[in-house]
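Structure at a glance
Listed below, chain by chain, are the residues.
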Amino acid sequence: MTKIRPAKLDERLDSGGPPFVLDIRPRTDFQQTAIENSHNVPVYTDLQSGDETTLRDRLDEIPRDRDVVVVCKLGMVAKRATAVLDEEGYDAATLLGGISGWNGYQAGTLGYKLRSLRWKYL
């Protein structure tokens, strides 16, 4: 399963062919903070409980002609979504650290910097 660091996602978002950012968190969480131009398909709760049906039923909302980066709170549930997308033939990756990692990257927090060092060895 592919993973992408927040800094790499930021680079890709500024490129000529940015990925489709799929935020699976509940709508209220997405409305509070989200990556610019990301798309919300709120299947987090279902995936967290092991139910992939809702995501599979909403695949028509996710383009097949672009790379997909999946975002959740911390990255754990996004791994499940990424696995489903991989099974369905998408080129998908999980954002390491989820929206928390993204926000830490954007703010340049010490916590993010420490996690980033750890990710180098994953």
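What comes next concerns the included structure. Keep in mind it's a predicted model, so treat the numbers as computed, not measured.

1. Topic: the overall build of the protein
Along the backbone of the protein there are seven helices and five strands. At 14 Å, the protein has a C-alpha radius of gyration in line with the 14 Å of a compact globule built from 122 residues. When each of the 122 residues of the protein is scored for burial, the buried share is 40%. Partitioning the contacts of the protein with sequence separation of at least 6, the portion at a separation of at least 24 is 60%. A total accessible area of about 6,600 Å² is found for the protein, and carbon and sulfur atoms account for 47% of it.

2. A few points about unusual backbone geometry
For Asn37, which is not a glycine, the phi torsion comes out positive at approximately 65°. Residue position: Asn37 is located in the loop between helix H2 (27–32) and strand E3 (39–40). Judged by its relative accessible area of 63%, Asn37 falls in the exposed class.

Calculation criteria
Residues numbered from 1 in each chain as written. Predicted model: local features only at pLDDT ≥ 70, side-chain atom pairs only at ≥ 80, totals over all residues. Heavy atoms only, no water. Helix = DSSP H or I, 4+ residues; strand = E, 2+ residues; numbered from the N terminus. Rg over C-alpha atoms; globule rule 2.2 N^0.38 Å. Buried < 20%, exposed > 50% of the residue type's maximum accessible area, 1.4 Å probe, protein only. Contact = heavy atoms within 4.5 Å. Areas by Shrake-Rupley, 256 points an atom, 1.4 Å probe, with all protein chains shown as cover.

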